[in-house]
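Descriptive analysis of the structure
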Number of protein chains: 2
Amino acid sequence: MAENNIDFEKCDCNVIHEDVIEKVKEEMTCEEKLNDLAEFFKVFGDSTRIKIICALFSSEMCVCDIASLLNMTQSAISHQLRVLKQARLVKNRKDGKVVYYSLDDEHVQKIFDQGLVHINERR
Amino acid sequence: MAENNIDFEKCDCNVIHEDVIEKVKEEMTCEEKLNDLAEFFKVFGDSTRIKIICALFSSEMCVCDIASLLNMTQSAISHQLRVLKQARLVKNRKDGKVVYYSLDDEHVQKIFDQGLVHINERR
DNA sequence: TGAAATTATGAACAATTATTCAGATATAAT
DNA sequence: ATTATATCTGAATAATTGTTCATAATTTCA
């Protein structure tokens, strides 16, 4: 029988440093926020979406223009713009038939730039 | 016949704002860097890895401890630690049988925090 | 009203990815 | 040497994700 009443854990090894685990557990951001955070970064983790974001740093653009710029189908771009919009990274305005997209967040540039700093530091 | 000698484009719509596209093209970060950047953010875009990163903000930990903390198998954690190491986000030191992992980058915290700011701004 | 153009969307498919499983390696202790 | 422990690794599986295709919705213009 187990020493305590905790359900079977998937973890298949012994706890080596219980004190460390306790401390980390207390200091850690709650699981729900961490899941949201991973979902958020997932949006940055696709080359099509990163290119769209980067393009929108320069100027607002319509779907057609982005598709042309990236040499991809309008449909593919539209799908990705929806993902970006759901993550509140872009916003859009409609002018007749044309929908113009632009960035909707000041943090995007900061996150983007910090990422660039990191990959530029390759030794 | 096409107006110019460019190969067939996947883009299936007309260019509406050629001037904008030209301007954006000039200002855009080169494709190679953008691909690397997407690869880099992909590493943040998984809840297991985000949790590992967050845990390591508090303290260095061995594989066993991380597995126990997150209630996952040692193997799963080991696989993800490899991904994190390849992205140069964590480093490790060996002490006998035990391998201790810690963060290997000052930018990680900045990127993590900016992400948190973003998701905390939900209206 | 009808045709053309732009964008959005659902379903299917292909590709990628995380985890599990089984077993290998490496170190320490007996 | 043998056993036990911690970690790593390759292959298989399950789940997720990006793109394509076909089509719908919306707006403009004739």
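Points about the packing of helix α3 (residues 47-58) of chain B against helix α6 (residues 107-120) of chain B
Residue and element names in this part refer to chain B. Between α3 and α6, the shortest axis-to-axis distance is 11 Å and the interhelical angle comes to 120°. Crossing geometry of α3 relative to α6 is assigned as left-handed. Contacts between α3 and α6 involve I50, I53, C54 and F57 from the former and V108, Q109 and F112 from the latter. Split by residue class, the contact of α3 with α6 holds six nonpolar, one polar and no charged.

Regarding the interface of chain B and chain A
Chain B puts 72 residues into the contact, and the matching count from chain A is 72 residues. Overall, the association of chain B and chain A removes approximately 6,400 Å² of surface from exposure, summing both partners, and the carbon and sulfur fraction of that is 63%. Linking chain B with chain A are two salt bridges. Between K51 of chain B and E31 of chain A there is a salt bridge whose closest N-O contact spans 2.9 Å. Looking at the side of chain B that touches chain A residue by residue, the classes come out as 33 nonpolar, 17 polar and 22 charged.

Regarding the protein's contact with DNA strand C
Near DNA strand C, the surroundings consist of 28 residues, among which Y101 of chain A together with T48, R49, S75 and Q80 of chain B are the closest. A distance of 2.9 Å separates a phosphate oxygen of DNA strand C from a polar backbone atom of C64 of chain A. Within the side chain of K42 of chain B, one N or O atom sits 3.4 Å away from a phosphate oxygen of DNA strand C. Those elements that provide at least two residues to the surface near DNA strand C are α4 (63-70), α5 (74-86) and β3 (98-103) of chain A together with α3 and α5 (74-86) of chain B. The element contributing the most residues to the surface near DNA strand C is α5 of chain A, with five residues. Taken together, the residues of the surface near DNA strand C sort by class into nine nonpolar, eleven polar and eight charged.

Comments concerning the nonpolar core
Within the largest apolar cluster, 77 residues are counted, with the highest numbers of intra-cluster contacts made by F41, F44 and L89 of chain A together with F41, F44 and L89 of chain B. Leave out the neighbours within four places in its chain, and F41 of chain A touches I111 of chain A together with F41, F44, G45, I50, I111, F112 and G115 of chain B.

Observations regarding unusual backbone geometry
Residue and element names in this part refer to chain A. The backbone phi angle of N71 is positive, close to 55°, even though this residue is not glycine. For N71, a relative accessible area of 30% translates into the label partly exposed. With phi around 55°, R88 is a residue other than glycine that occupies positive phi space. Counting through the fold element by element, R88 comes out in the loop between α5 and β2 (90-95). Classification of R88 by relative accessible area gives buried; the value is 13%.

Focus on the sheet that holds strand β1 (residues 61-62) of chain A
All names here are of chain A. Pairing is antiparallel in the open sheet, where three strands are placed in the order β1-β3-β2. In this open sheet, the two strands that pair with only one neighbour each are β1 and β2. Pairing analysis gives six bridges linking β2 to β3, with the strands arranged antiparallel. Counterpart to R93 in the pairing with β3 is Y100.

About the thresholds
- Residues numbered from 1 in each chain as written.
- Chains lettered and ligands numbered in written order.
- Predicted model: local features only at pLDDT ≥ 70, side-chain atom pairs only at ≥ 80, totals over all residues.
- Heavy atoms only, no water.
- Axes fitted to C-alpha atoms, helices over the stretch in contact; angles between N-to-C directions.
- Helix = DSSP H or I, 4+ residues; strand = E, 2+ residues; numbered from the N terminus.
- Left-handed = near helix turned anticlockwise from the far one by under 90°.
- Contact = heavy atoms within 4.5 Å.
- Nonpolar A, V, L, I, M, F, W, Y, C, P; charged D, E, K, R; others polar.
- Buried area = accessible area lost by both parts, 1.4 Å probe.
- Salt bridge = Lys/Arg side-chain N within 4 Å of Asp/Glu carboxyl O.
- Near = heavy atom within 4 Å.
- Polar contact = N/O pair within 3.5 Å; in protein donor to acceptor, adjacent residues only side chain to side chain.
- Core = buried A, V, L, I, M, F, W, Y, C linked by side-chain atoms within 4.5 Å.
- Buried < 20%, exposed > 50% of the residue type's maximum accessible area, 1.4 Å probe, protein only.
- Pairing = 2+ DSSP bridges.

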